[in-house]
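A closer look at the structure
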Amino acid sequence: AKRDPGTSYRFYDRQLHISAGYQLRLEADLRNALRGSELEVYYQPRIDLATEAVRGVECLLRWNHPQRGLVGPDEFIPVAERSGLIVPIGYWVIEQACKRLRDAHELGFPGLVFAVNLSFRQFHDRKMTETIFRIIFNANVDTSLLELELTESAMMHDPEYAQRCLRELNQLGISFALDDFGTGFSSLSNLQHLPISLVKIDKSFVQDLGHSPDAEHIIRAIISLAHSLQMSVVAEGVETEAQLEFLRQQHCDEVQGYYYARPMPWDELVQFLNSRDRS
Ligand code: C2E
Ligand code: CA
Ligand code: CA
Ligand code: CA
């Protein structure tokens with residue numbers, strides 16, 4: 001943060017704000033947000049590179065704060081994790097995803113995959129698989145269209161319990177994606193005994209394309225290793241034609257990013273799907 005005075009100021013400012021008082025206030029607000037209807041799920045399309053079809057959407061949480069406006073998850077997910085609120089919030093997001101999965105089916109988009117982020121902290125809930133099972137059972141959805149995204153670190157706290165959760169949920173038909181891949185410490189081969197069918201390349205690598213030769217090497221290596229382990233690859237943060245071209249050449253399976261679409265409210269997503277369907 002030393003390079004740019006603007007950046008270091010923002011960083012300092014941010015640290016100041018995260019005082020104990022601010023944290024408690026945010027936590028209380030967040031608790032109300034969950035009870036009220038201030039939380040909203042946005043949907044970002046994931047595009048199949050071979051067919052250009054929308055394969056699925058990632059569910060991304062937003063908070064319509066009465067005073068502060070639209071607050072992004074980077075601002076409140078850490079607070080939700082520290083306070084444990086991410087557990088009920090996480091279930092709420094899965095419920096929303098199931099509801100929209102049914103809506104999508106009725107609107108004529110039956111094969112759309114819904115991906116939901118799972119925090120490491122949700123694994124602290126010993127009733128996680130049971131609760132998720134109840135949610136999907138009540139929603140009566142095709143579980144093969146539900147995908148949970150988790151980072152390597154989510155499984156580090158209690159790897160045995162996490163593995164058991166993944167296996168149980170996988171037996172119900174839910175699939176798993178490894179999020180932000182490349183930023184952690186484990187290697188894909190360490191994870192090959194887990195029911196993970198997809199790897200998401202972190203957007204930092206995609207955005208370094210053209211600026212750092214390392215990014216190219218890393219992306220190539222991830223794609224070839226993932227494919228050799230029968231996993232699909234999604235690149236996130238794709239903003240330019242050049243990034244898209246590189247990923248296409250490397251046989252990346254899917255892309256997600258502003259180049260195609262930003263995360264958007266449900267109604268806009270429906271318009272987006274309809275407009276692509278007709279074209
Ligand atoms: P993530 O899972 O890595 O999600 C991808 C993030 O990249 C999203 O940020 C998305 O808006 C952003 N993104 C997508 N395409 C582009 C692009 O082309 N350029 C750029 N610059 N960014 C792009 P968002 O929505 O702010 O979410 C941030 C993080 O918050 C997510 O990162 C995820 O870790 C977390 N998050 C969001 N929703 C949930 C949730 O329901 N539960 C949990 N546990 N975490 C969530
Ligand atoms: Ca994600
Ligand atoms: Ca990610
Ligand atoms: Ca991320």
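Residues numbered from 1 in each chain as written. Chains lettered and ligands numbered in written order. Predicted model: local features only at pLDDT ≥ 70, side-chain atom pairs only at ≥ 80, totals over all residues. Heavy atoms only, no water.

1. Thoughts on the pairing of strand β6 (residues 175–181)
For β6, the tally of buried residues reaches six of seven residues, placing the bulk of the element in the interior. Inspection of the sheet shows strand β5 (residues 146–150) paired to β6 by four bridges, in the parallel sense. Bridge assignment links glutamate 149 to a residue of β6, and that residue is alanine 177. Regarding the hand of the β-α-β motif, the stretch spanning β5, helix α6 (residues 159–171) and β6 is right-handed. Where β6 meets strand β7 (residues 196–201), four bridges bridge the pair, whose relative direction is parallel. Bridge assignment links leucine 178 to a residue of β7, and that residue is valine 199. (Buried < 20%, exposed > 50% of the residue type's maximum accessible area, 1.4 Å probe, protein only. Helix = DSSP H or I, 4+ residues; strand = E, 2+ residues; numbered from the N terminus. Pairing = 2+ DSSP bridges. Right-handed = clockwise from strand over helix to strand, strands pointing away.)

2. Regarding the pattern of salt bridges
All told, the structure shown has 13 salt bridges when counted by the stated rule. Glutamate 27 is the salt-bridge partner of arginine 31, the closest N and O atoms lying 3.3 Å from each other. Taken together, the residues arginine 31 and glutamate 27, both in helix α2 (residues 20–35) and four residues apart, mark about one turn of the helix. Given a relative accessible area of 36%, arginine 31 falls into the partly exposed group. For glutamate 254, the salt bridge goes to arginine 46, with nearest N and O atoms at 2.8 Å. Residue glutamate 254 is located in strand β9 (residues 254–256), and its partner arginine 46 is located in strand β1 (residues 39–48); the two are separated by 208 residues in the primary sequence. Accessibility classification places glutamate 254 together with arginine 46 in one group, the buried group. A single salt-bridge network, built from bridges that share partners, covers Arg46, Arg55, Glu147 and Glu254. (Salt bridge = Lys/Arg side-chain N within 4 Å of Asp/Glu carboxyl O.)

3. Description of the coordination of the calcium ion (ligand 2)
Summarising the metal site, the calcium ion (ligand 2) is bound by the protein donors Glu58 (OE), Asn117 (OD1), Glu149 (OE) and Asp179 (OD), whose distances to it range over 2.1 to 2.3 Å. For the calcium ion (ligand 2), the donor residues sit on a single chain with the sequence spacing E-x58-N-x31-E-x29-D. Here asparagine 117 falls in the partly exposed class, since its relative accessible area comes to 29%. In this structure glutamate 149 comes out as buried when scored by relative accessible area, which is 1%. (Donors = N, O, S within 2.8 Å, 3.2 Å for Na, K, Ca; no water.)

4. Some points on the site of ligand 1
Around ligand 1, the surrounding shell holds 23 residues, and the nearest of these are Gln44, Arg62, Lys203, Glu239 and Tyr258. In this structure, a nitrogen atom belonging to ligand 1 sits 3.1 Å away from a main-chain N or O atom of leucine 61. Within the side chain of glutamate 239, one N or O atom sits 2.5 Å away from a nitrogen atom of ligand 1. Relative to its free-state accessible area of 800 Å², ligand 1 is covered by the protein chains to the extent of 86%. When residues of the shell around ligand 1 are traced back to their parent elements, those giving at least two are β2 (54–65), α3 (73–83), α4 (86–106), β6 and α7 (203–208). The leading source of residues in the shell around ligand 1 is β2, at four residues. Considered class by class, the residues forming the shell around ligand 1 number nine nonpolar, six polar and eight charged. (Near = heavy atom within 4 Å. Polar contact = N/O pair within 3.5 Å; in protein donor to acceptor, adjacent residues only side chain to side chain. Areas by Shrake-Rupley, 256 points an atom, 1.4 Å probe, with all protein chains shown as cover. Nonpolar A, V, L, I, M, F, W, Y, C, P; charged D, E, K, R; others polar.)

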